[in-house]
Amino acid sequence: MRIGQGYDVHRLTEGRDLILGGVKIPYEKGLLGHSDADVLVHAIMDALLGAAALGDIGQHFPDSDPVYKGISSMELLGHVGTLLQEKRYMIENIDATIIAQRPKLAAYRPQMAENIAKVLGIQTNQVSIKATTEEGLGFTGNGEGISAQAIALLSSVADYQYDDRCISYGGCPGCPKSGQ
């Protein structure tokens with residue numbers, strides 16, 4: 001099993017859509033960024049990449065590359081999911097928290113979880129999305145930005161394969177190949 005942690009933050013600004021978890025949320029401001037600035041998906045991608053020791057989203061999708069200008073973060077998440085599959089990782093679960101004073105997000109969280117699960121090819125009950133405020137404290141509490149934190153747990157196909165070496169060393173307790 002492997003665990004990864006992700007964090008992202010973006011400033012709120014006028015003239016942009018607010019996109020979180022692939023959901024367009026009605027609000028007078030959106031998040032400023034090179035892509036659609038979906039902090040939730042960015043934090044999840046970093047958690048997944050970190051768990052697999054595959055770097056971070058800046059390495060895979062640099063904001064200096066015009067290809068990613070305005071791109072949907074859900075599309076980038078799909079690329080991360082494909083990379084994990086190629087490396088033979090399975091997502092066990094994702095737990096994420098959005099930190100925002102406004103707008104209220106409870107009504108949108110189920111759709112966010114569905115969107116993320118669908119793109120990654122996992123069950124919705126493997127994705128937990130929460131939201132909280134900071135009680136008016138700090139830049140998120142002042143309404144200047146929104147941040148998100150995520151943790152992801154991965155397993156590898158190798159986690160489920162027994163190693164032939166255990167026979168050479170006298171067997172591993174519980175290993176069916178060793179006869180113990």
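Heads up: these notes are all about the structure in this document. In this text the structure is predicted, and so the values were computed from the model without any measurement.

Counting its secondary structure elements, the protein contains six helices and seven strands. Walking the protein from its N terminus toward its C terminus, one meets helices and strands in the order β-β-β-β-α-α-α-β-α-β-α-β-α. Out of the 180 residues belonging to the protein, those deemed buried represent 43%. Put simply, of all contacts in the protein between residues at least 6 apart along the chain, 68% involve residues at least 24 apart. Carbon together with sulfur atoms contributes 50% to the accessible area of the protein, which is approximately 9600 Å² in total.

The next subject is unusual backbone geometry. Across the junction of Arg-102 and Pro-103, the peptide omega takes the value -5°, indicating a cis bond. Among the structural elements, Pro-103 can be located in the loop between strand S5 (89-99) and helix H4 (109-120). At Ala-37, a position not held by glycine, the phi torsion is positive, near 65°. With respect to the secondary-structure elements, Ala-37 resides in the loop between strand S4 (30-31) and helix H1 (39-51). Even without being glycine, Arg-88 reaches a positive phi, approximately 65°. Position of Arg-88 among the secondary structure elements: in the loop between helix H3 (73-86) and S5. Given a relative accessible area of 47%, Arg-88 falls into the partly exposed group.

Here is what the cut-offs are and how they apply
Residues numbered from 1 in each chain as written. Predicted model: local features only at pLDDT ≥ 70, side-chain atom pairs only at ≥ 80, totals over all residues. Heavy atoms only, no water. Helix = DSSP H or I, 4+ residues; strand = E, 2+ residues; numbered from the N terminus. Buried < 20%, exposed > 50% of the residue type's maximum accessible area, 1.4 Å probe, protein only. Contact = heavy atoms within 4.5 Å. Areas by Shrake-Rupley, 256 points an atom, 1.4 Å probe, with all protein chains shown as cover.

Such coordinate-based values are descriptive only and should not be taken to indicate function.
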